[in-house]
Amino acid sequence: MKRTKDYYRGCMIGGAVGDALGCPVEFMSFNEIKQKYGDDGITDLVIGANGKAKITDDTQMSIFTADGLLRADTRFCSKGLCSASNIVYNSYLRWLYTIGEVEKEKVQGLLDGWLMEVKELYAVRSPGITCLSALKSGKKGTIEKPINNSKGCGGVMRAAPVGLFCTKESAFRLGCDIAALTHGHPSGYLAAGVLAHIITLIVDGLEIEEAVLDALEVMSDYNGHEECSLKIQEALELVKSDISPQEAVKKLGEGWVGDEAIAISLYCALKSKDDFKNALKMAVNHDGDSDSTGAITGNILGAYLGIGGIPNRWVENVELSDVLIRLADDLLTGFQETEEWRARYPG
Ligand SMILES: [Mg+2]
């Protein structure tokens, strides 16, 4: 059983570390990465002017996913019924505000809670176009009424906190519902369900591979699962093969879409499950969406190995680490009947 601070923090910080490692190379081909960082590619965090390694929209949105889930917990414990995905939606509007994409008047009643006071969150870090346009449309997507046909990885890259918050009975569906707010194609939201489900099972103490097989089983009941299922099965086959990691990742795609992002991340996590740093190097050094595959791989292996499995220097040097640790600890305890909690996560 890994439902302890070590593993919750590992999951949240691991994601941010992977995001930050991939951030400088997100829009570079592998050849360009090698030209700039040498034949092994990028292997260490790039420290910015503020002394920290920059995270991107993946970590920002994961932070607001966690915020929404914790507010939903407040609401549920105070009033009984609530829709967690509707409450997470409001948290995404808060994110939109922090990056200057929505006027204050439109979100006036929503700007409470402690994250609004975190100055480092007010930073534009290549936000995904699908998330922006969906959230600015004023409509909430659902699985039944898709908001668009996007299968971008913007749904899955923010879903890990759902796995920490939920039990295995609810993680998959809630992961999908929250991703479907902005991503309407099954491969966009099912990938998020898979990540949430796997994280839940990992902190329940399962091996990563057992968790993946269980997620495939759950996903097989959903319409349109074939593309995502096949991609993940391909990743499992590649883990068993002796194809080089570089070639394997290339075969799986570039990770801009949900099914490829989760498959590449699972491949890297399984191929190097005892070595966080090595897995992360595989996850970011390729032609595609390096920060997102880095973030998802970091979430998975961080939950599996715990914060002690992540190089200390990376934990200390990643932006927003104090915020991520606070959220991890709050996801672990859930709602607390205190003034402080209600001020942090108003329901
Ligand atoms: Mg990003």
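Residues numbered from 1 in each chain as written. Predicted model: local features only at pLDDT ≥ 70, side-chain atom pairs only at ≥ 80, totals over all residues. Heavy atoms only, no water.

Asks: Sorry if this is basic, but what is going on with the pattern of salt bridges here?
Replies: Opposite charge on two side chains permits them to pair, given that their charged atoms come into close proximity. As enumerated under the stated definition, the model contains 20 salt bridges in all. For the salt bridge of arginine 326 with aspartate 330, the shortest nitrogen-to-oxygen distance reads 3.9 Å. Pair noted here: arginine 326 and aspartate 330 are both in helix 16 (residues 321-333), with a separation of 4 residues, about one helical turn. Owing to a relative accessible area of 30%, arginine 326 belongs among the partly exposed residues under this scheme. For aspartate 330, a relative accessible area of 6% translates into the label buried. Three or more residues are tied together by salt bridges with common partners; here these are Asp67, Arg71, Arg94 and Asp112. (Salt bridge = Lys/Arg side-chain N within 4 Å of Asp/Glu carboxyl O. Helix = DSSP H or I, 4+ residues; strand = E, 2+ residues; numbered from the N terminus. Buried < 20%, exposed > 50% of the residue type's maximum accessible area, 1.4 Å probe, protein only.)

Asks: Quick question: what am I supposed to make of the coordination of the magnesium ion here?
Replies: Six octahedrally arranged donors around a metal ideally form angles of 90 or 180 degrees; four tetrahedrally arranged donors ideally form angles of 109.5 degrees. Of the protein atoms, only Thr56 (OG1), Asp57 (OD), Asp58 (OD) and Asp291 (OD) coordinate the magnesium ion, at distances of 2.0 to 2.4 Å. Spacing between the donor residues of the magnesium ion along their common chain follows T-D-D-x232-D. Of the residues examined, threonine 56 reaches a relative accessible area of 3% and is grouped as buried. Classification of aspartate 57 by relative accessible area gives buried; the value is 6%. (Donors = N, O, S within 2.8 Å, 3.2 Å for Na, K, Ca; no water.)

Asks: Honestly, empty space enclosed by the protein in this entry has me stumped. Any pointers?
Replies: Rolled over the atoms, a probe sized like a water molecule indicates the empty space that remains. Per the counting criterion, the structure on display carries 1 cavity of 30 Å³ or more. Roughly 50 Å³ of internal volume is contained in the largest cavity. Around the largest cavity sit Met12, Gly15, Ala16, Asp58, Thr59, Ser62, Met157, Ala295, Asn299 and Leu324, which together line it. For the lining of the largest cavity, the secondary-structure elements that each account for two or more residues are helix 1 (5-22), helix 3 (57-79) and helix 14 (290-305). (1 Å grid on protein atoms, 1.4 Å probe; cavity = no way out; pocket = protein on both sides within 12 Å on 5 of 7 lines; lining within 4 Å. Points joined across faces, edges and corners; volume = space filled by probe spheres on them.)

Asks: I keep staring at the environment of tyrosine 8 and nothing clicks. Help me out?
Replies: Looking at the element boundaries, tyrosine 8 is found in helix 1. On the basis of relative accessible area, tyrosine 8 is assigned to the buried category, the value being 2%. Along the primary structure tyrosine 8 and alanine 261 are separated by 253 residues, whereas in three dimensions their C-alpha atoms are 22 Å apart. Residues within four places of tyrosine 8 in sequence aside, it is in contact with Lys2, Arg3, Leu164, Val203, Ala328, Leu331 and Leu332. There is a polar contact of 2.8 Å between the side chain of tyrosine 8 and the backbone oxygen of leucine 164. (Contact = heavy atoms within 4.5 Å. Polar contact = N/O pair within 3.5 Å; in protein donor to acceptor, adjacent residues only side chain to side chain.)

Asks: Is there a simple way to explain the packing of helix 1 against helix 13 (residues 276-284) in this structure?
Replies: For any two helices packed against each other, one specifies the inter-axial angle together with the distance between the axes. In contact at an axis separation of 10 Å, helix 1 and helix 13 are set at 45° when each is read in the N-to-C sense. Between helix 1 and helix 13, the angle falls in the class oblique. Crossing geometry of helix 1 relative to helix 13 is assigned as right-handed. Contact with helix 1, carried on its side by Gly14, Val17, Gly18, Leu21 and Gly22, involves Phe276, Leu280, Lys281 and Val284 of helix 13 and no other residues of that element. Grouping the constituent residues of the contact of helix 1 with helix 13 by class yields 5 nonpolar, 3 polar and 1 charged. (Axes fitted to C-alpha atoms, helices over the stretch in contact; angles between N-to-C directions. Parallel < 35°, antiparallel > 145°, perpendicular 65-115°, else oblique. Left-handed = near helix turned anticlockwise from the far one by under 90°. Nonpolar A, V, L, I, M, F, W, Y, C, P; charged D, E, K, R; others polar.)

Asks: Sorry, what's going on with the state of the cysteines here?
Replies: The bond known as a disulfide is covalent and runs between the sulfur atoms of two cysteines. Under the defined criterion, the tally for this structure stands at 0 disulfides. Summary of cysteine pairing: cysteine 153 is not part of a disulfide, and the nearest cysteine sulfur, belonging to cysteine 131, is at 8.7 Å. Of the cysteine sulfurs around cysteine 228, a residue in no disulfide, the closest is that of cysteine 176, at 9.0 Å. (Disulfide = S-S within 2.5 Å.)

Asks: What exactly am I supposed to notice about the packing of aromatic side chains here?
Replies: Any aromatic ring pair is given by two values, namely how distant the centres are and how the planes are angled relative to each other. For the coordinates displayed, the defined rule picks out 5 aromatic pairs. Aromatic pair phenylalanine 172 and tyrosine 222: ring centres 5.0 Å apart, planes at 45°, arrangement tilted. In this pair, phenylalanine 172 is assigned in helix 7 (residues 171-180) and tyrosine 222 in the loop between helix 9 (208-219) and helix 10 (226-240), connecting sequence segments 50 residues apart. Judged by centre distance (4.8 Å) and plane angle (55°), the rings of tryptophan 341 and tyrosine 345 are tilted. (Phe/Tyr/Trp six-rings, centres within 6.5 Å; stacked < 30°, edge-to-face > 60°.)

Asks: How should helix 16 be read in this particular structure?
Replies: Residues three or four positions apart in an α-helix share a direction because the helix packs 3.6 residues into each turn. Across its 13 residues, helix 16 extends 19 Å between first and last C-alpha, which sits within 8% of the 18 Å expected from 1.5 Å per residue. Of all the residues in helix 16, the buried ones are Ser321, Val323, Leu324, Leu327, Ala328, Asp329, Asp330 and Leu331. Where helix 16 is buried, its residues touch helix 1, helix 3, helix 6 (160-165), helix 15 (312-317) and helix 17 (339-344). (Expected span 1.5 Å × (residues − 1).)

Asks: Just checking my understanding: could you explain the side chain of glutamine 60 for this structure?
Replies: Relative to the helices and strands, glutamine 60 is located in helix 3. For glutamine 60, the residues in contact, after removing those within four places along its chain, are Ile55, Trp95, Ile99, Leu121, Ala123 and Arg125.

Asks: Is there a simple way to think about the packing of helix 12 (residues 258-271) against helix 13 in this case?
Replies: Here helix 12 crosses helix 13 at 150°, and the two axes come no closer than 8 Å. Considering the angle they form, helix 12 stands roughly antiparallel to helix 13. As for how helix 12 packs across helix 13, the hand of that crossing is right-handed. Contact residues: helix 12 offers Tyr267, Cys268 and Lys271, while helix 13 offers Ala279, Met282 and Ala283. Here the contact of helix 12 with helix 13 is built from residues that sort into 5 nonpolar, no polar and 1 charged.

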